[in-house]
Amino acid sequence: MRSRVLGVVTVAAVALFTLLPLTTTDPARAMGLPALLDRSQLRGLTTISMFVVLTSAWNIIGGLAGYPSFGNVAFFGLGAYATALLTDPDHGHLPLGVGLLASPLVPAVVALVVGFPLLRLRGHYFSIATLGTAIAFGEVINNMDFLGGATGLFPPIIRSDLLFYYLMFGAAALTVGVTWWIMRSRLGHGLVAIRENEEAAAVLGVDTTRYKIIAFVVAAALTGLAGGVFAGWNSFVNRDNVFPVDYSVQMILMAVIGGSGTISGPVVGAVGLEALIQLLAGGSGVYTQILLGVLLAVTVIFLPRGVIDFVIGRSRLTLAHFRRSLRQTSV
Amino acid sequence: MSAPLLALSAVTKRFGGVTALDHVSFDLAEGELVGLIGPNGAGKTTLLNCLSRLYRLDGGSIRFSGMDIAKLGRHEVARLGVGRTFQVVRPFRSMTARENVAIGALFGSDRARLPPREAFRVADEVIDLVGLGGRGHLLVDELTVPDRRHLEVARALATRPRLLLLDEVMAGLNPSEVAEALEVVKRIHASGIAILVIEHVMQVIVGICPRVVVLHFGKVLLEGDPSTVLKDPRVVEAYLGERYARRVRGSRGDG
Amino acid sequence: MSLLAQQLVLAILLGGVYVAVAIGFSLVWGILNIINLSHGAFIVVGAYITWTLFGRLGLDPFLSLPIDAAALFALGYLLQRGLINRVIRAPVFFTLLLTFGVNLAIVNLLLAVFTSDFRSVTPPYAGSGIVLGPVVIPSIRLAAFAIALLLAALLSLLMRRTRIGAAIQAVASDRDAAQLVGIDLRHTYALTYGIGAACAGVAGGLLSTVQAISPTAGEPYTLQAFVVVVLGGLGSVTATVVGGLLFGLIEVFGQSAPGLGAGYANAIAFAVLVIVLIVRPQGLLGR
């Protein structure tokens, strides 16, 4: 019953977010549809889709496998640079389609290589080592002249907000679909077993190293795809806009607020939080960041299992729940 | 005579300066039920961790059905047919009992790797076998302490092992629960699975194990049939002297 | 040869700064098992206090260090008491998130108040140095180095010779037993975190005299502190001192390696981190 409701909601949401953008001012006029959205709202939806990709992809390694990477933004940046390098007129000068193909591949290969040492670490060590990786990658790329140094790269400008919306929305749908598939497969069961107790998983026959690497590589590839689409959309990449450490934390925050380790939690978290951020301050600004910090604190303290926990009925949103979750973790 | 299922030869494991296992050798045949006993700190659990490749050996070798375990990954040992339980249970807490057991069926020994749907069917069978029937839908936190022990056994059993290592699955149970657990062990053994039962309290396994191995300070003290072994003065001393031994270890600060 | 000697001197002096940067971080990690991602922000707060006092009142930067320490102690104590204590028994990942949230809030508050401009503290003696043959020892850096080591010594003394130190050690080794003998857990945790923050404040004051500061400058400090602690090993002041000095050497000589430069500071730090974690996870002096 509940799964049928969830199915209907999913189909409705997909239909809405596929059709609604057609009512953006210009295409709506061309097709004789009512204009319900303006361009900046469409761009807002694209950004929301982007965070759905980042958050859901993070969820595969952080939520399912229990390895909370603080460095996933590195894969976003690498994907963006891969696409930018191939499409920039001064470099590859290839069509965007070709550039996008490289965006999941490069981060996937990098994840495969750095995954072996990183995924041997646990807890704090893993988190900080991934954070360090992301900072280091940004820094190295920033110093490489053939990647445009600090100036960055400039993929050709393609003036179609609608195209990039559909690309990003497609990436989001793909990421959620991949998560759904993983959670039903042997891989998903193995990842959750690793999260809950890695040694117990190993003695039951789970190839823990291989599974962690797979999860890391898949997360990297999907995150990189979002980076590639972003590169084409923004037609300008440099360290500051594709390697911001804040993104790493934002995706974790969104996953945790929504409910990590589930399919819908990260989506709910990304959509809800990014919509809130855009409503408040148009997506950036000092006060939004302060609010994010406060939200982070409040979530961690009061909603450790995320809002989806309440939506799917595992917990009731009551004062008693808050008191209980506080008692469990405080001194 | 065929090669033994499990052959330990001169197995040695050190932690810093402490030798936890010192040239331990014994065999176990296909389908055999062997008890491994010894006082606290004798190295029983260390041996088990070596068998399931959680530890690397510092010397000697362990062969399982002709394969050298040292060359295998932890999961490969499991898939080859070595199942084990943990003395301090290690359930997957976010899962139900049934899901826990299904993990074993999903990943266990190669001949038993099953697609998810069938894994859950096997899980249901195993849950009945160990006496958890009707409680498969419960979360681990909702199970009683004896049931968590049974879950540990069920999960290992679902991997379809050829050798099952049971690490003090009866510790802390009351007499009727022990009797029940012994029944489960007998049932598993009757299905043709070889079992190495580790117990601290030796009386528990006297009744069911035709052969026991006594470990003391990391060495095999002796092995044989339980009635002779338990009467052996060295074994009696090992157990009676335990309190004294513990005091000595305690004063060294590593007990 | 003289270039090498000069670099060696600068590396050792820089190492002193790293000791100051890492010492509070190490304490909080070792005792509370918290990776304090707001540590860098605390350092920057300390730096801004020194800068403000110097700019407004003309107070010598070294004289403002006790004020930095006191202010940051209060901030740290309140944060631990009010926020972090509430998730201290949650998975470590949650304290990471919480302290990052605190970091985000502090950094952006600083941005709102001080803007993103780079500031520096330049007392009249800023350019002076001691000349020893071919080598020049900048006097400010030397003073910062000395104070960093003094800070380490004071902390070591505090932990070993005082009631507070004994309580903190007791809590670290066995929380329940400590409570049984009458130690107030919440207070002790908050004290520990406060002392860690106070060390960060002093580090910030010192840093403001040797580097330009901006609100967003804190992140690398957290990473550096982490690397220093991993390098030296967790659990003792001495280990942090060794780790800090060693890290100074690695940074200076790493950046002067062919093909690298100052732009690679964090990349070098990270490479060191990963190598140490793989080769010797308990650090050089770790248990």
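Residues numbered from 1 in each chain as written. Chains lettered and ligands numbered in written order. Predicted model: local features only at pLDDT ≥ 70, side-chain atom pairs only at ≥ 80, totals over all residues. Heavy atoms only, no water.

Looking at this structure, how should I read the overall build of chain B?
From N to C terminus, chain B includes ten helices and ten strands. A compact globule built from 255 residues should have a C-alpha radius of gyration of about 18 Å, and chain B, at 18 Å, falls within 12% of that. If one aligns the C-alpha atoms of chain B with their principal axes, the spans along those axes are about 50 × 40 × 40 Å. Among the 255 residues that make up chain B, the fraction classed as buried is 52%. (Helix = DSSP H or I, 4+ residues; strand = E, 2+ residues; numbered from the N terminus. Rg over C-alpha atoms; globule rule 2.2 N^0.38 Å. Buried < 20%, exposed > 50% of the residue type's maximum accessible area, 1.4 Å probe, protein only.)

So what exactly am I meant to see when it comes to the sheet that holds strand S10 (residues 219-224) of chain B here?
Remark on secondary structure: sheet strands pair via backbone hydrogen bonds, oriented parallel or antiparallel. Residues and elements named next belong to chain B. Spatially, S6-S7-S8-S3-S9-S10 is the arrangement adopted by the six strands of the open sheet, whose pairing is mixed. On the outer flanks of this sheet lie strand S6 (82-84) and S10, each paired with one strand and no other. Shown here is a sheet whose adjacent strand axes are inclined to one another by a mean of 20°, direction ignored. The sheet contact formed by strand S3 (residues 33-37) and strand S8 (residues 194-199) spans five bridges and is parallel. Paired with Val-34 across the two strands is Leu-196, which belongs to S8. (Pairing = 2+ DSSP bridges. Axes fitted to C-alpha atoms, helices over the stretch in contact; angles between N-to-C directions.)

How do you make sense of the interface of chain A and chain C when you look at a structure like this?
It is common to give the size of an interface as the accessible area that goes away when the parts come together. Each partner contributes residues to the interface: chain A has 42 residues there, and chain C has 42 residues. Between chain A and chain C, a total of about 3,900 Å² is buried, with carbon and sulfur atoms accounting for 77% of that surface. Connecting chain A to chain C are zero salt bridges. Elements with a contribution of two residues or more to the side of chain A that touches chain C: helix H5 (96-118), helix H6 (123-142), helix H12 (245-258), helix H14 (286-302) and helix H16 (319-329) of chain A. Here the side of chain A that touches chain C takes twelve residues from H6(A), the largest share from any one element. Considering only residue class, the side of chain A that touches chain C consists of 27 nonpolar, eleven polar and four charged. (Contact = heavy atoms within 4.5 Å. Buried area = accessible area lost by both parts, 1.4 Å probe. Salt bridge = Lys/Arg side-chain N within 4 Å of Asp/Glu carboxyl O. Nonpolar A, V, L, I, M, F, W, Y, C, P; charged D, E, K, R; others polar.)

When you look at helix H2 (residues 39-57) of chain C in this model, what are you seeing that I'm missing?
Helical geometry note: an α-helix holds 3.6 residues per turn, so side chains three or four residues apart project in the same direction. Compared with the 27 Å implied by 1.5 Å per residue over 19 residues, the 27 Å span of H2(C) between its first and last C-alpha is a close match. Phi turns positive, to about 70°, at Gly58(C), one or two residues after H2(C). (Expected span 1.5 Å × (residues − 1).)

Got a minute to help me understand the packing of helix H1 (residues 2-32) of chain C against helix H10 (residues 237-255) of chain C in this structure?
Helix-helix packing is described using two parameters, namely the angle between the two axes and the distance between the axes. Residue and element names in this part refer to chain C. Here H1 crosses H10 at 135°, and the two axes come no closer than 6 Å. Judged on the interaxial angle alone, H10 and H1 are oblique. As H1 runs across H10, the sense of the crossing is right-handed. Each residue belonging to the contact of H1 with H10 can be placed in one class, and the counts come to 16 nonpolar, seven polar and one charged. (Parallel < 35°, antiparallel > 145°, perpendicular 65-115°, else oblique. Left-handed = near helix turned anticlockwise from the far one by under 90°.)

Explanation requested: the interface of chain A and chain B in the structure shown.
Contacts between the two partners involve 21 residues from chain A, matched on the other side by 28 residues from chain B. Looking only at chain A, the three residues that lose the most surface to chain B are Arg186(A), Val203(A) and Leu204(A), adding up to 37% of its buried area. Connecting chain A to chain B are one salt bridge. Taking the shortest distance from any N to any O, the salt bridge between Arg90(B) and Glu199(A) comes out at 2.5 Å. The interface formed by chain A and chain B includes eight residue pairs in polar contact (both at pLDDT 80 or more). Elements represented by at least two residues in the side of chain A that touches chain B include exactly helix H8 (186-196), helix H9 (198-203) and helix H10 (208-234) of chain A. In terms of residue count, the dominant contributor to the side of chain A that touches chain B is H8(A) (seven residues). Counted by class, the side of chain A that touches chain B contains nine nonpolar, six polar and six charged residues. (Polar contact = N/O pair within 3.5 Å; in protein donor to acceptor, adjacent residues only side chain to side chain.)

How do you make sense of H8(A) when you look at a structure like this?
Most of H8(A) sits inside the fold, with nine of its eleven residues counted as buried. Turning to H8(A), its buried residues number three or more, namely Arg186(A), Leu187(A), Gly188(A), His189(A), Gly190(A), Leu191(A), Val192(A), Ala193(A) and Ile194(A). Buried residues in H8(A) make contact with helix H3 (39-64), helix H7 (161-184), H9 and H10 of chain A together with helix H3 (97-107) and helix H4 (116-129) of chain B.

Sorry, what's going on with the environment of Leu129(B) here?
All names here are of chain B. Tracing the chain through its elements places Leu-129 in helix H4. Separated by 28 residues in the primary sequence, Leu-129 and Leu-157 place their C-alpha atoms 9.6 Å from one another. When near neighbours in sequence (up to four residues on either side) are disregarded, Leu-129 contacts Leu-157, Val-184 and Arg-187.

Explain the pairing of strand S7 (residues 163-167) of chain B to me, please; I cannot follow it from the model alone.
If a strand is regular, its side chains alternate between the two faces of the sheet. Residues and elements named next belong to chain B. Of all five residues in S7, five are buried; the element is thus mostly enclosed. Here S7 shows a buried face lined by Leu-163, Leu-165 and Asp-167 and a second buried face lined by Leu-164 and Leu-166. Note that S6 and S7 share three bridges and pair parallel. Of the residues in S7, the one forming a bridge with Arg-84 is Leu-165. The parallel pair S7 and S8 is bridged by helix H6 (residues 175-190), and the resulting crossover is right-handed. (Right-handed = clockwise from strand over helix to strand, strands pointing away.)

Help me out: how do you make sense of the domain arrangement of chain A in this one?
Residue and element names in this part refer to chain A. Each assigned domain of chain A is listed here: domain 1 (1-35) and domain 2 (38-248). On a C-alpha basis, the centres of domain 1 and domain 2 stand 27 Å from each other. Every contact between the two is made by nine residues of domain 1 and, on the other side, eight residues of domain 2. For the pair domain 1 and domain 2, the summed buried area comes to about 720 Å², and 75% of that belongs to carbon and sulfur atoms. (Domains from an automatic or database assignment.)

Help me understand the packing of aromatic side chains in this model?
Two descriptors summarise a pair of aromatic rings, namely the distance from one centre to the other and the angle between the planes of the rings. This structure, assessed with the given rule, holds 28 aromatic pairs over all chains. Centroid distance Tyr125(A) to Phe226(C): 6.2 Å. Interplanar angle 65°. Geometry classified as edge-to-face. You can see Tyr125(A) sitting in helix H6 and its partner Phe226(C) sitting in helix H9 (residues 218-232), one on each of two chains. Feature note: the residues Phe51(A), Phe76(A), Phe230(A), Trp233(A) and Tyr247(A) constitute an aromatic cluster, connected by ring pairs. The positively charged end of Arg90(B) is found above the aromatic ring belonging to Phe86(B), 4.1 Å away from the centroid. Positioned above the aromatic ring of Phe92(B) is the side chain of Arg155(B), whose terminal nitrogen or guanidinium carbon lies 4.5 Å from the ring centre. (Phe/Tyr/Trp six-rings, centres within 6.5 Å; stacked < 30°, edge-to-face > 60°. Lys NZ or Arg CZ within 6 Å of the ring centre and 35° of its normal.)

Honestly, unusual backbone geometry in this entry has me stumped. Any pointers?
Glycine aside, the phi torsion of most residues is negative, and most peptide linkages are trans. Its identity is not glycine, yet Ser235(A) carries a phi of approximately 50°, on the positive side. Here Ser235(A) shows up in the loop between H10 and helix H11 (239-242). Classification of Ser235(A) by relative accessible area gives buried; the value is 13%. With a phi angle near 55°, Arg160(B) is a residue other than glycine that sits in the positive phi range. The topology assignment puts Arg160(B) in the loop between helix H5 (145-157) and S7.

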